[in-house]
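# Chain and residue survey
One-letter residues, chain by chain:
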Amino acid sequence: MKLGFTARASAIALAAAMAAPGAAYAQSAVATLRDSIVVTATKKANAENVQDVPLAITAYGADQLDALKVRDLQSLSYAIPNVSFDDIGTSRGVANFSIRGIGINSSIPSIDPTVGVFVDGVYLGINGGVVLDIFDLESIEVLRGPQGILFGRNVTGGAVLLNSKRPGDEFEASFKGAVESGLRSTGLNYYAMGAVGGPIIEDVLKARVSFYYNKDEGYFRRYQGGPVPNAIAPGVFGALAPLVSTSGPDDFADFGEAETWMIRPSVAFTPTDDFELLVRYQHFESNGDGPPAQNHVSGSGGVNPFFTAPRDSFDFSIDEVGFYDTTSDSVTAEVNWDVPFGDGTITNVFGWRQLEGTTRGDIDATPLFLFHADSTTNQDQLSNELRYAGRFFDTVDLTLGGYYFTQDIEYNEIRNILGGFRFFNGGGVQDQKTYAFFGQADIDLSDRFTLILGGRWTHEEKDVVISNLIANTTPCDVRIAGSCSEDFIDGDTWENFTGKVGFEYAARDDLNLYAHWTQGVRSGGYNFRNTAPASLPFVPNPAPPPAIIPNPVFDPAFLPGPFDEEKVNAFEVGFKAQPAEGKATVNFALFMSDIDNMQRELNLSDPIAGVVQVITNTADATIWGFEIESQIAFTDNFLFQGSLGYSDGQYDSLLFDIGAPAVSPGVVDAADLNLEIPRLAPWTWGVGFIHSMDVGSVGTVNTRFRYYHRDESFYTDNNLGFLNEIDSIDASIGLTTFGDRATISLYGKNLLHEVQFGGDTQLPGSLGGGTFSPISKGRIVGIELQLATN
């Protein structure tokens, strides 16, 4: 029997409050574990118990997101095994997500993600504006492994579903305020958010309005003086000394100021019991300082003579503060119509989003004006998905649908090198259209065994006009036709079919086994950041020979595209168990991903352009590993949580020279095959607990502790850049009182004050060498007050 809209919304809200890997600050952990936890990732007519879904899923509900103090997706970067939700740091909010070692390291908007982010069912078409602040969510669902059948392209690593809170049947209001500090004698960080909603016309019209404001006064300390004493080298570097900032040698200033605000009104219209229209609008604005960029010893041992910081410190010195300024507007409209055919539901999800962003950063990461860069990104996307989900003969759950997506992207970049002595300007514009048809059938062959079959056909078109940065040495704007060189005009089309075959077996009432083979595809495309020497002719790129390949940086055959699609064949087996009458949950998955035509952005230092990014199909590779997530309710008020992930991989064959050109330019050899796959951290694990203590009429004291670990991983394909190993502790203690209407809590994140970077790009010796490595925040402590009407 299908749930009506009111019952369905209530079930989803209940699931959000209890979502795995454990209900945070629950009055009774055992009771929570025994209740049904439901997710919407399968796109069936009704939400499903997460333990019955044959996928590796980690889900967080509203209560747990509050407990974890999740302000953005990066807050969950260490909480899930084999998952990394990093912000690249070059410009705030650009996602470089990785799941099971399949990820990217790029801020170029024309390169598609490997981890798709979906907000209220709408896919976000570029990485920009993804790691910005999130609030008033019903749940977050993280799906590991390719999700190409139901979610389409660019989910070869996995998918992240953000589900906003819906208007409720009863009046409710809530407020949350917090103040954070790094305990570093720098600026404070203030948060305020709230929501109000309820029925306007009983059983017919409901509304909700939520708001968010954040004022960050700057977490970091920027050294504003000149180079460190006696650091300037003789010769050419000494001649650049006049370019140093004239600030005093002991002059430090707070850095990292940012201000963000959002508003999200939503309306739900249910004129009948079998029809619902839900419309949401969101306006977002955020602006602040540029990246806190550190220059430390490069992977090849190079030390910048102007400023070099220990990579386990938060020290940095830049002469250009920089900035970012991002604005976006979005509209989603979801229609659900219950129909008698198959006792099913017809769902239509429409989405529109417009984003504008400008940035400036100090790329040389020194107190000299050596390499500064500006960028402007404009994106406009529109999508629509129409699907049907129903059940036939009490045996077959069927989901069928069609999808349409279009987006326009404009990207303009400016590089000022050596105090403006060298000036480069370029970028590109792209028109994209995608449409697809998909279906999945879950066929119950018995009461305990289900066969799963699925497929998706996709057609995609991209047309681009790209202007080479090196070819434009005077100001221009790629967004204005004819302003820049427009030396590369092209278009391409890709079509493919991806399939899925799997099964689910309920061995016992508390144990489900599953296995599947599935495919995912990452879009082919183009490189907006083209820095191939302008004097070289643009000719089609031939298929590379198996051994000797010309140096990609100076190869006349090197084009900004098109690079081909990346395809993943993934195999997964696992089980989901709830033994001891539901007092424990143990989920396990073993996976292997076979990757063909792996797309990579090769970050290479270059004496002319400063840094060159080459996007191409570099290799075929295999990645394998496993994941375990568990929680055990030892008592009614003590919940243990643990997770463990392992991943490993290797290149099977190389299509491109990914090693350091200075070592063996243009040659693919054993040294290249032995390089490690970037963003593939071998071990990730965490352990912690949640404890609730009743203090009588005062209320409940809730305590949370969690220890996380993530191994070191490489950032660049030549393995010269890498990301630090991280050991992190998060903890909090809070008092819930006044009949659960008020909670005050003290919390800490990254209490071991570990240093991590968004990237680790190698810089050329002509700019002093070293690295461009944007720093993430370290230790944070805060106090938070929550108020709610119910």
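As a starting point, this report considers the structure included with it. Not measured: the values here are computed from a predicted model.

## Things to note about the sheet that holds strand β38 (residues 771-774)
Ordered by their spatial adjacency, three strands build an open sheet running β18-β38-β37, and the pairing between neighbours is antiparallel. Two strands lie at the open edges of the sheet, namely β18 (293-294) and β37 (761-762), each paired on one side alone. In this sheet, β38 lies alongside β37 in antiparallel orientation, the contact comprising two bridges. Looking at β38, one finds that T761 is bridged to F772.

## Topic: the sheet that holds strand β9 (residues 137-144)
Reading across the sheet, the five strands line up as β3-β9-β10-β7-β8 and stay open at both edges, with mixed pairing between neighbours. Of all the strands in the sheet, just β3 (56-61) and β8 (122-123) have a single pairing partner and so form its edges. As judged from the six bridges shared by β3 and β9, these two strands associate in the antiparallel manner. Bridging from a neighbouring strand, A59 pairs with E141 of β9.

## Thoughts on the state of the cysteines
Taken as a whole and judged by the stated rule, the model has one disulfide. Residue pairing for C476: its cysteine sulfur links by disulfide to C484, the two sulfurs lying 2.1 Å apart. One disulfide, between C476 and C484, carries an S-S torsion of 100° and so falls in the right-handed class.

## Points about the pairing of strand β4 (residues 83-87)
Each regular strand displays side chains that alternate between the two surfaces of the sheet. Of all five residues making up β4, five are buried, and the element is well covered by its neighbours. Burial along β4 is two-sided: the face carrying V83, F85 and D87 and the face carrying S84 and D86 are both buried. Sheet analysis places β4 next to strand β5 (residues 95-99), joined by five bridges and oriented antiparallel. Across the sheet, residue F85 finds its bridge partner in β5, namely F97.

What counts and how
- Residues numbered from 1 in each chain as written.
- Predicted model: local features only at pLDDT ≥ 70, side-chain atom pairs only at ≥ 80, totals over all residues.
- Heavy atoms only, no water.
- Pairing = 2+ DSSP bridges.
- Helix = DSSP H or I, 4+ residues; strand = E, 2+ residues; numbered from the N terminus.
- Disulfide = S-S within 2.5 Å.
- Buried < 20%, exposed > 50% of the residue type's maximum accessible area, 1.4 Å probe, protein only.

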